[in-house]
Amino acid sequence: LWLDHEPSVDEVIGELRKVDLSRSREVVFCGYGEPTERFDDVMECTRRIKEEFGKPVRLDTNGLGNLINGRDIVPEMEGVIDSVSISLNAPNPEEYVEVSHPIFGEAAYPAILDFIRECRERISGVTVSVVGGSISQESEDECARIAQDMNVRFRVR
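Novice: Outline the overall build of the protein chain, listing residues and values.
Specialist: The helix and strand inventory of the protein chain stands at seven helices and five strands. Beginning at the N terminus, the succession of helices and strands in the protein chain can be written as α-β-α-β-α-α-β-α-α-β-α-β. Taken over C-alpha atoms, the radius of gyration comes to 16 Å for the protein chain, in line with the 15 Å a tight globule of 157 residues would show. The C-alpha extent of the protein chain, read off along each of the three principal axes, is 45 × 30 × 30 Å. Burial status across the protein chain gives 41% buried among its 157 residues. Contacts spanning at least 24 positions in sequence make up 76% of the contacts within the protein chain whose residues lie at least 6 apart. For the protein chain, the computed accessible surface area is about 8,700 Å², with 48% contributed by carbon and sulfur atoms.

Novice: Outline the pairing of strand 5 (residues 153-156), listing residues and values.
Specialist: Looking down a regular strand, the side chains alternate between one sheet face and the other. Here strand 4 (residues 125-130) runs beside strand 5; their pairing, made up of four bridges, is parallel. If you follow Thr-127 over to strand 5, its bridge partner there is Arg-153. What joins strand 4 to strand 5 is helix 7 (residues 137-149), and the crossover it makes is right-handed.

Novice: Summarise the pattern of salt bridges; cite the residues concerned and give the values.
Specialist: Taken as a whole and judged by the stated rule, the model has 15 salt bridges. Where Glu-15 meets Lys-18, a salt bridge forms, and the shortest distance between an N and an O atom there is 2.9 Å. Of the residues examined, Glu-15 reaches a relative accessible area of 46% and is grouped as partly exposed. Residues Arg-122 and Glu-118 are paired through a salt bridge, measuring 3.4 Å at the closest nitrogen-oxygen approach. Here Glu-118 and Arg-122 lie together in helix 6 (residues 108-122), a separation of four residues that amounts to about one turn. On the basis of relative accessibility, which here comes to 18%, the residue Glu-118 falls in the buried class. A single salt-bridge network, built from bridges that share partners, covers Glu-6, Arg-38 and Asp-41.

Novice: Residue-level account of helix 1 (residues 9-17), with values.
Specialist: Buried within helix 1 are the following residues: Val-9, Ile-13 and Leu-16. The buried residues of helix 1 all sit within an arc of 55° when viewed along its axis, so they share a single face. Of the surrounding elements, those touching the buried residues of helix 1 are helix 2 (39-53).

Calculation notes
- Residues numbered from 1 in each chain as written.
- Predicted model: local features only at pLDDT ≥ 70, side-chain atom pairs only at ≥ 80, totals over all residues.
- Heavy atoms only, no water.
- Helix = DSSP H or I, 4+ residues; strand = E, 2+ residues; numbered from the N terminus.
- Rg over C-alpha atoms; globule rule 2.2 N^0.38 Å.
- Buried < 20%, exposed > 50% of the residue type's maximum accessible area, 1.4 Å probe, protein only.
- Contact = heavy atoms within 4.5 Å.
- Areas by Shrake-Rupley, 256 points an atom, 1.4 Å probe, with all protein chains shown as cover.
- Pairing = 2+ DSSP bridges.
- Right-handed = clockwise from strand over helix to strand, strands pointing away.
- Salt bridge = Lys/Arg side-chain N within 4 Å of Asp/Glu carboxyl O.
- Arc of directions from axis to C-beta.

In structure tokens form, the structure reads like this:
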């Protein structure tokens, strides 16, 4: 997917109208950048997707949307976003910085954990994930324990 410009909300909805969504379980915002970089547009698209297509919407995110947007975005997601998948990627701040290179440094990791906790309270489907093979098995197992302790699903992708 290579775009020559960032599509507007109307362009995104227009492209979805060209696709047969009848066999799709959900619409997912993910990949090729962090969706919460355009949080307001994602939310407007989501509202329109639900109105026009009646499909649930999942947000796949790095969990840094609150830092990116300079505000707590989770309350805005409640009742709009149906499920969220959050890339945990490491069991501690130091390893997270090594693996993910966040612009927020070590402050990113506690922000992700807070984001997970808040999503768990407000959104019914919360999954945390790691990229298989990107961290040690021990770290992957620790991430699974973190997910279990937070009472959210865990997935290796």
